[in-house]
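An overview of the molecular structure
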Amino acid sequence: MAAGDPSTAATSDVPATSSSAASYPDRLREALVALSQACDSGVSNASEAASFTVSDILDAFAAVMSAEADDGNDGGDDSTAARVSEQLLREVHEFLSRPLANQQMATDALSLVLPIPVAKLGAQTGGCGDIAAAILKFFVTNCSPRDMLSILCEALDAPMELPNCSSSFVLLLNALAEVLTKIQRRHIEQVKVALPAVLKVMRATVSECDEEHGKAVVDLFNAAHGIGNAIQEMCTAMVNKNKEGMCAILGLYSLQNIALASRSRQQDILCACGSVVLQHFRFLKFSGFTYVGLLTGSDVTAATDKLSKEDDADFLEGFSFAMDGAMLTVVWAYMYDDMSKYAGEELELALKEVQGNHMMKWEAINMLKYVLSSICYPWIIKSHSINLLLSLAGENHVQETNNHVDFTSYAPRIFATLKAIESVMMAAPEALMRKKAFAALKKVISMVPSSQRFDILQALVNNSMSSSLTAILLDLVREEILRESRQAENDHVESDGFQGHGELPPWASHALELVELILRPPHGGPPCLPDHGDQVISALNLLRFILIIDSRGPRSGKLFQKGTLHKVHSEWLIPLRPIVAGIQSENERDDSEIANQIVCSLNPVQLVLYRCIELVEEKLKGC
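Just so you know, these numbers come straight off a predicted model, no measurement behind them.

1. Let's talk about the overall build of the protein chain
When you go through the protein chain residue by residue, the secondary structure sums to 29 helices and zero strands. Looking at the protein chain as a whole, 52% of its 623 residues qualify as buried. Taking the contacts inside the protein chain whose residues are at least 6 apart along the sequence as the reference set, 78% of them involve residues at least 24 apart. Accessible surface, the protein chain: about 27200 Å² in total, of which carbon and sulfur atoms supply 51%.

2. Comments concerning the pattern of salt bridges
Here the structure, examined in full by the defined rule, presents 21 salt bridges. Ionic pairing is found between aspartate 550 and lysine 619, a salt bridge with its closest N-O pair at 3.0 Å. Here the residue aspartate 550 occupies a position in helix H26 (residues 533–550), and lysine 619 occupies one in helix H29 (residues 593–621), the gap between them amounting to 69 residues. Under the relative-accessibility criterion, aspartate 550 is labelled buried at 0%.

3. Things to note about the packing of aromatic side chains
Taken as a whole, this structure holds three aromatic pairs when the rule is applied. Here the aromatic rings of phenylalanine 281 and tyrosine 291 are separated by 4.8 Å at their centres, their planes lie at 25°, and the arrangement is stacked. Taken together, the positions of phenylalanine 281 in helix H12 (residues 267–286) and tyrosine 291 in helix H13 (residues 291–296) put the pair 10 residues apart, joining distant regions of the chain. Note on phenylalanine 281: relative accessible area 1%, which makes it buried. We classify tyrosine 291 as buried; its relative accessible area is 1%. Between the NZ or CZ atom of arginine 27 and the centre of the ring of tyrosine 24, over which it lies, the distance is 4.7 Å. One cation-aromatic arrangement involves arginine 263 over phenylalanine 321; the distance from NZ or CZ to the ring centre is 3.7 Å.

4. Structural notes on helix H28 (residues 576–588)
The end-to-end C-alpha separation of H28 is 18 Å, in line with the 18 Å expected for 13 residues at 1.5 Å each. Three or more residues of H28 are buried, namely Leu576, Val580, Ile583, Gln584 and Asn587. The buried residues of H28 all sit within an arc of 100° when viewed along its axis, so they share a single face. Turned more than 90 degrees away from the buried face of H28 sit Pro578 and Glu586, all of them exposed.

5. Re H26
End to end, H26 covers 26 Å across 18 residues, agreeing with the expected 26 Å (1.5 Å per residue, within 8%). Counting buried positions along H26 yields 15 of 18 residues, so the element is predominantly enclosed.

6. Brief notes about the packing of helix H20 (residues 379–393) against helix H22 (residues 431–447)
The interhelical angle for the contact between H20 and H22, taken along N-to-C directions, is 35°, at an axis separation of 10 Å. The two elements H20 and H22 meet at a crossing, and its hand is left-handed. Where H20 abuts H22, its residues Trp379, Ser383, Ile386, Asn387, Leu389, Leu390 and Ala393 lie against Met433, Lys436, Ala437, Ala439, Ala440, Lys443, Val444 and Met447.

7. Some thoughts on the environment of threonine 417
Mapping threonine 417 onto the fold places it in helix H21 (residues 411–427). As a C-alpha pair, threonine 417 and leucine 372 span 45 residues in sequence and 8.1 Å in three-dimensional space. With residues up to four places along the chain from it excluded, the contact list for threonine 417 reads Ile365, Asn366 and Lys369. Side chain to side chain, threonine 417 and asparagine 366 meet in a polar contact 3.1 Å long.

8. Quick look at the nonpolar core
Grouped together as the largest cluster of nonpolar side chains are 206 residues, with contacts concentrated most on Leu519, Leu540, Leu543 and Leu573. With 12 residues, helix H11 (residues 240–263) is the single largest residue contributor to this core. Beyond its immediate sequence surroundings of up to four residues, leucine 543 is in contact with Leu512, Val515, Leu519, Phe560, Val568, Trp572, Leu573 and Cys612.

9. Considerations on the confidence of the model for the protein chain
Looking at the protein chain, the pLDDT average stands at 84 and 85% of residues meet or exceed 70. Taken as a whole, residues 1–19 scores under 50 in pLDDT and shows 35 contacts with residues more than four places along the chain or in a different chain. Counting interchain partners and residues more than four positions distant, the pLDDT-below-50 stretch residues 497–502 has 13 contacts.

10. Describing unusual backbone geometry
In this model, leucine 529 is joined to proline 530 through a cis peptide bond whose omega is 5°. Residue position: proline 530 is located in the loop between helix H25 (506–519) and H26. With a phi close to 50°, arginine 186 is a non-glycine residue in the positive phi region. Counting through the fold element by element, arginine 186 comes out in the loop between helix H8 (166–182) and helix H9 (187–208).

11. Observations regarding the environment of glycine 42
Relative to the elements of secondary structure, glycine 42 occurs in the loop between helix H1 (23–41) and helix H2 (44–70). Judged by its relative accessible area of 41%, glycine 42 falls in the partly exposed class. Taking the C-alpha atoms as reference points, glycine 42 and alanine 101, separated by 59 residues in sequence, lie 9.4 Å from one another. Setting aside residues no more than four positions away along its own chain, glycine 42 makes contact with Asn102 and Met105.

12. Digging into the side chain of serine 467
As for its position among the elements, serine 467 is in helix H24 (residues 467–496). Under the relative-accessibility criterion, serine 467 is labelled buried at 12%. With residues up to four places along the chain from it excluded, the contact list for serine 467 reads Asp531, His532, Gly533, Asp534 and Gln535.

13. Looking at the side chain of histidine 280
Summarising the element assignment, histidine 280 is placed in helix H12. Sequence-distant contacts of histidine 280, defined by excluding residues within four places in its chain, comprise Tyr253, Ser254, Asn257 and Ile258.

14. Focus on the environment of arginine 453
Note that arginine 453 resides in helix H23 (residues 450–462). Considered as a pair, arginine 453 and tryptophan 507 are 54 residues apart in the sequence and their alpha carbons are 9.6 Å apart.

15. A word on the packing of helix H18 (residues 358–367) against H20
In the contact formed by H18 and H20, the axes pass within 10 Å of each other and the chain directions differ by 165°. Between H18 and H20, the crossing angle belongs to the class labelled roughly antiparallel. The hand of the H18/H20 crossing is left-handed. Every residue of H20 that contacts H18 at Lys361, Ala364 and Ile365 is listed here: Leu389, Leu392 and Ala393. Here the residues of the contact of H18 with H20 sort into five nonpolar, no polar and one charged.

Calculation criteria
Residues numbered from 1 in each chain as written. Predicted model: local features only at pLDDT ≥ 70, side-chain atom pairs only at ≥ 80, totals over all residues. Heavy atoms only, no water. Helix = DSSP H or I, 4+ residues; strand = E, 2+ residues; numbered from the N terminus. Buried < 20%, exposed > 50% of the residue type's maximum accessible area, 1.4 Å probe, protein only. Contact = heavy atoms within 4.5 Å. Areas by Shrake-Rupley, 256 points an atom, 1.4 Å probe, with all protein chains shown as cover. Salt bridge = Lys/Arg side-chain N within 4 Å of Asp/Glu carboxyl O. Phe/Tyr/Trp six-rings, centres within 6.5 Å; stacked < 30°, edge-to-face > 60°. Lys NZ or Arg CZ within 6 Å of the ring centre and 35° of its normal. Expected span 1.5 Å × (residues − 1). Arc of directions from axis to C-beta. Axes fitted to C-alpha atoms, helices over the stretch in contact; angles between N-to-C directions. Left-handed = near helix turned anticlockwise from the far one by under 90°. Polar contact = N/O pair within 3.5 Å; in protein donor to acceptor, adjacent residues only side chain to side chain. Core = buried A, V, L, I, M, F, W, Y, C linked by side-chain atoms within 4.5 Å. pLDDT = per-residue confidence, 0-100. Parallel < 35°, antiparallel > 145°, perpendicular 65-115°, else oblique. Nonpolar A, V, L, I, M, F, W, Y, C, P; charged D, E, K, R; others polar.

This is how it looks when you write it as structure tokens:
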């Protein structure tokens, strides 16, 4: 009989490097004999006490292994520990397989206390995993399914040292999946007991496992897939509202797992993630989820609403990444060849439907913030998310959205999405990804109704934590003023051939508020140079641009009245001139590389500053 066969009994003790290790099999046999005698007597208290002794012995040896592993023992000691673990597990499995006068009493007593130590020992190499799985399966087969569900959930919730115990969790999850298939009544209630423990383990393991334990994480997701299979089997046997509720649970469970798999940084799971997503997407299709519903988040909302009506707030907390998972499912289908082939025409049609509906497009774009704003997803996923966003936004760089559409409810979410795109612009490791993110930022801003576009940009500037990012945003404001100015000129040509008095683009007056925010910060004092040189030069260029627009054509002098000009001259520009000149002079005397860089960075600031002063003084002469 093969060594890995759980039914093979150990014939001799295994020598151990530790003198105490060799005594564990003997102590275990004695405890099992005592348990058998207690069960034969039919005294439940005695059998319970004896079962705790068995558990304590296994637990004690697991603790010895953990301590020796922490001390950094060599491979020989690890091999010995695995052999002793295998021997202990064989003793337990042989005892369970042996006919006893009161077999059920012994089985019930051991099922209450052994899942945790058996799972810990089963994480060892060799045949330990197979024997531990056989023991857990014996309990599942011969004990009450509802009792075993509670016992296994408690085992999953017990403190174990990660990531070393991830293999132990795999054993427990596989056993739990078998239990779920044996549940005959009150299916939804039992699933609601099981899934919080399952998802807690999944989340903790994925976050704590490093590259070395990537294979163990893959095994964990395969075990989680087994749980999904069990829930799907339940759904198949159910009808009406119960089936709808269970399908909603299965869908949210799948989305949570897709998000967790996508968060893993291990190479093993990233390579296998596409197949994990594909496995769970089959559950999503079975549950009635569609690509359109995933793109817009409507399927997630519908599933959550179904369950929230049943006062399941605590249960729903376990699916906190469901929205992430919905968009990630689409992103994986977009980037992963096998998923693309599986999705095929369905994904393409969903993208076209969303692109053709203004409201659905906004919903889909807003959904991407869940992925882009999180630091937990790898850059490869964020890169493909940006590609998807660009595809959703369409080809036209500037799209005049109907101004009669009520954009108020979308504004906070669009702002959050733009902040998420900004985070990619600022932190992406590759220049191409940063460039794509900037293109996405411009596209999304251009889709906002022109009457509300400035409010969004102003909010972005006010909440910017980076000088270079603020400079980019101010340049976008300048582009919008130029576009609006040209549109105004075209409107005048079409309406009256430039007769009458032109109006300054309404954006220009609001833009001055942003210039003041940079050149005269609200906290007082001048802008911080050279640290904030990028945003200062952009603010000065924006001011110069507005001054030039205000000085030309039929709209001349509409914005800069005498009081405004005095304020710009005396409060914004003149205080800045000696600061720039002083920093320049100080660094010109220093011949270091840093000093030369500072001089070079402030040269354009000085040039544009002097040009703005000239323009303001010229306008003041005409007042």
